[in-house]
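Summary of the model geometry
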Amino acid sequence: MSTEPGGPAVDEAVRTLLLLMPRLVGRAKRLPIPPALRGLDLAPRHLALLAHLEYDGPASVNELAARLEVAPTTVSLMVSDLSRPGVLERTADPADRRRRIVAIAPAFAAPIAEWLSGSASAWERVMRDLAPTERATVITALRAYEAALEQGPGERRDAGPRPPA
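Residues numbered from 1 in each chain as written. Predicted model: local features only at pLDDT ≥ 70, side-chain atom pairs only at ≥ 80, totals over all residues. Heavy atoms only, no water.

1. Structural notes on the overall build of the chain
Counting its regular elements, the chain contains 6 helices and 4 strands. Each helix and strand of the chain, ordered N terminal to C terminal, gives the series β-β-α-α-α-α-β-β-α-α. Principal-axis analysis of the C-alpha atoms gives the chain an extent of 60 × 35 × 30 Å. Considering only residue pairs separated by 6 or more positions, the chain has 47% of its internal contacts joining residues 24 or more positions apart. Counting 21 positive and 20 negative side-chain charges, the chain places the centres of these two groups 4 Å from one another. (Helix = DSSP H or I, 4+ residues; strand = E, 2+ residues; numbered from the N terminus. Contact = heavy atoms within 4.5 Å. Lys, Arg positive; Asp, Glu negative; His and termini not counted. Charge placed at Lys NZ, Arg CZ, Asp CG, Glu CD.)

Written out as structure tokens, the structure reads:
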């Protein structure tokens, strides 16, 4: 194992993470889905939407789109998907009757909280033992990884020249 002072070298860290990430995703996918949510064909995008509504409360489609960093039409489609079986409710905004507010339907609030609690409690156990700067590093690294995946394979963030292949 090639190490540098204070931790692994870049190549060893990449190797470790490439082996770890599929296991993490696989274990997260195996978290039990509450009976009330089974059969709804929920995808990861739905989980993110439900997490925002659970933790941040009811919101408009535009607010949800900004939080999820996707187009409002994408959120509108997801809200429609989850409104048909009654998971979400759309109501008029009391301040602006033209605007619709999306919320988790009361009948699904407990099952959604239960479903999200599996991942949340695991993260809480991990984050509790880290210093605030370490928590910030984990979050920053995961966001940077997400951004790097969006850039695609060959693209680099820095503007420096590439070494010859």
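2. Some words on a nonpolar patch on the surface
A contiguous nonpolar surface patch, about 300 Å² in accessible area, is contributed by Val10, Val14 and Leu18. Classification of Val14 as partly exposed rests on a relative accessible area of 44%. (Patch = residues over 30% accessible without salt bridge, like charges linked within 9 Å, V, L, I, M, F, W, Y side chains within 5 Å. Areas by Shrake-Rupley, 256 points an atom, 1.4 Å probe, with all protein chains shown as cover. Salt bridge = Lys/Arg side-chain N within 4 Å of Asp/Glu carboxyl O. Buried < 20%, exposed > 50% of the residue type's maximum accessible area, 1.4 Å probe, protein only.)

3. Some details on the UniProt feature "domain: HTH marR-type" (unreviewed entry) in the chain
Under the local residue numbering, the UniProt record ascribes the feature "domain: HTH marR-type" (unreviewed entry) to residues 10-147. Taken end to end, residues 10-147 is 67% helix and 11% strand, and its first and last C-alpha atoms sit 18 Å apart. (UniProt positions renumbered as here; feature names shortened; annotations may be inferred.)

4. As for the nonpolar core
A general trend in soluble globular proteins is that nonpolar side chains are found buried together. In terms of nonpolar packing, the biggest core is built from 23 residues, with Leu49, Leu50, Val75, Leu88 and Ile112 touching the most fellow members. In this view, Ile112 contacts Leu37, Leu50, Glu54, Val87 and Ile104; residues no more than four positions away in its chain are not counted. (Core = buried A, V, L, I, M, F, W, Y, C linked by side-chain atoms within 4.5 Å.)

5. Observations concerning the pairing of strand 3 (residues 88-93)
Relative to strand 4 (residues 96-104), strand 3 runs antiparallel, the two being bridged by 6 bridges. Among the inter-strand pairings, Thr91 is bridged to a residue of strand 4, identified as Ile101. Where strand 3 folds back on strand 4, the antiparallel hairpin that results is connected by 2 residues. (Pairing = 2+ DSSP bridges.)

6. Examining the environment of Leu17
Relative to the helices and strands, Leu17 resides in helix 1 (residues 10-29). Judged by its relative accessible area of 46%, Leu17 is partly exposed. Note: C-alpha distance between Leu17 and Asp56 (39 residues apart in sequence) is 30 Å.

7. Topic: helix 6 (residues 132-151)
Taking 1.5 Å of rise per residue, 20 residues should cover 28 Å, and helix 6 covers 29 Å from first to last C-alpha, within 8% of that figure. Gly152, located one to two residues past helix 6, shows a positive phi value of around 95°. (Expected span 1.5 Å × (residues − 1).)

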